[in-house]
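Remarks on the overall topology
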Amino acid sequence: DAGITQSPRHKVTETGTPVTLRCHQTENHRYMYWYRQDPGHGLRLIHYSYGVKDTDKGEVSDGYSVSRSKTEDFLLTLESATSSQTSVYFCAISEPGELFFGEGSRLTVL
Amino acid sequence: GQQLNQSPQSMFIQEGEDVSMNCTSSSIFNTWLWYKQDPGEGPVLLIALYKAGELTSNGRLTAQFGITRKDSFLNISASIPSDVGIYFCAGQLGEYGNKLVFGAGTILRVKS
């Protein structure tokens, strides 16, 4: 158990609505990440954080924003969800040389 | 972006068989990670490799960091039904996961 909790685990929403996914860690790791996983594309990095209020973009950041106000929490926000953002979202935390994933949040945008 | 070629894409296993899969890249990596993902769950780290030539075991799993630093393989010996799932390799360029590149995965299924 890597001490990562994602919420919600499942969400169905409509196009154009805002959505926020939360990742909570109990490990006090400096680095946190948001990935999405889609068939044919594997795991792709959306955004990551290297400390409180320190974030940077990943490979597929368009349409997403993140915030980290506390070490233990990393929020992913879709300001206006689109159908192309239907996916499974994974939070991850890391220490040097290792990366641990949460259980995932399945988001469906209708 | 950078690509990892993971093969095979899928394979069928019979209980007791040994299984091999590998990842290759045109890039050099500092770390190789191997994950297993069960349906509806997040990837779970199986083995981490940090040095070229390193051979590491975790129970029935053995993984090696290629000498050229551009490849890695994972072997599963004497497979059992609970080995089914998706196995991912990942190559890491820096110290942290923002420089991680994932393979597309190898799907392990049980031969009926």
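A few points on the structure. (Residues numbered from 1 in each chain as written. Chains lettered and ligands numbered in written order. Predicted model: local features only at pLDDT ≥ 70, side-chain atom pairs only at ≥ 80, totals over all residues. Heavy atoms only, no water.)

This model, assessed by the stated rule, comprises eight salt bridges over all chains. Linking Asp-38 of chain A and Arg-44 of chain A is a salt bridge whose minimum nitrogen-to-oxygen distance equals 3.0 Å. The class of Arg-44 of chain A is buried, set by a relative accessible area of 17%. Between Asp-38 of chain B and Lys-36 of chain B there is a salt bridge, and its shortest N-O distance comes to 2.8 Å. Several salt bridges share partner residues, and in doing so they unite Arg-22, Lys-70 and Asp-73 of chain A into one network. (Salt bridge = Lys/Arg side-chain N within 4 Å of Asp/Glu carboxyl O. Buried < 20%, exposed > 50% of the residue type's maximum accessible area, 1.4 Å probe, protein only.)

This part takes up the state of the cysteines. What the rule picks out here adds up to two disulfides over all chains. Paired through a disulfide, Cys-23 of chain A and Cys-91 of chain A show a sulfur-sulfur distance of 1.9 Å. Because the sign of the S-S torsion sets the handedness, a value of about -70° for the bond joining Cys-23 of chain A and Cys-91 of chain A places this disulfide among the left-handed ones. Here the residue Cys-23 of chain A occupies a position in strand β3 (residues 19-25), and Cys-91 of chain A occupies one in strand β9 (residues 87-95), the gap between them amounting to 68 residues. Each member of the pair, Cys-23 of chain A as well as Cys-91 of chain A, carries the same accessibility label: buried. The partner cysteine of Cys-23 of chain B in its disulfide is Cys-89 of chain B, sulfur to sulfur 1.7 Å. Taking the torsion about the S-S bond as the criterion, the Cys-23 of chain B to Cys-89 of chain B disulfide, at about -85°, is left-handed. Placement of Cys-23 of chain B in strand β3 (residues 19-24) and of Cys-89 of chain B in strand β9 (residues 85-92) is noted, with a sequence separation of 66 residues between them. A single burial state applies to Cys-23 of chain B and to Cys-89 of chain B, both of which are buried. (Disulfide = S-S within 2.5 Å. Helix = DSSP H or I, 4+ residues; strand = E, 2+ residues; numbered from the N terminus.)

All quantities given are derived from atomic positions and should not be read as evidence of function.
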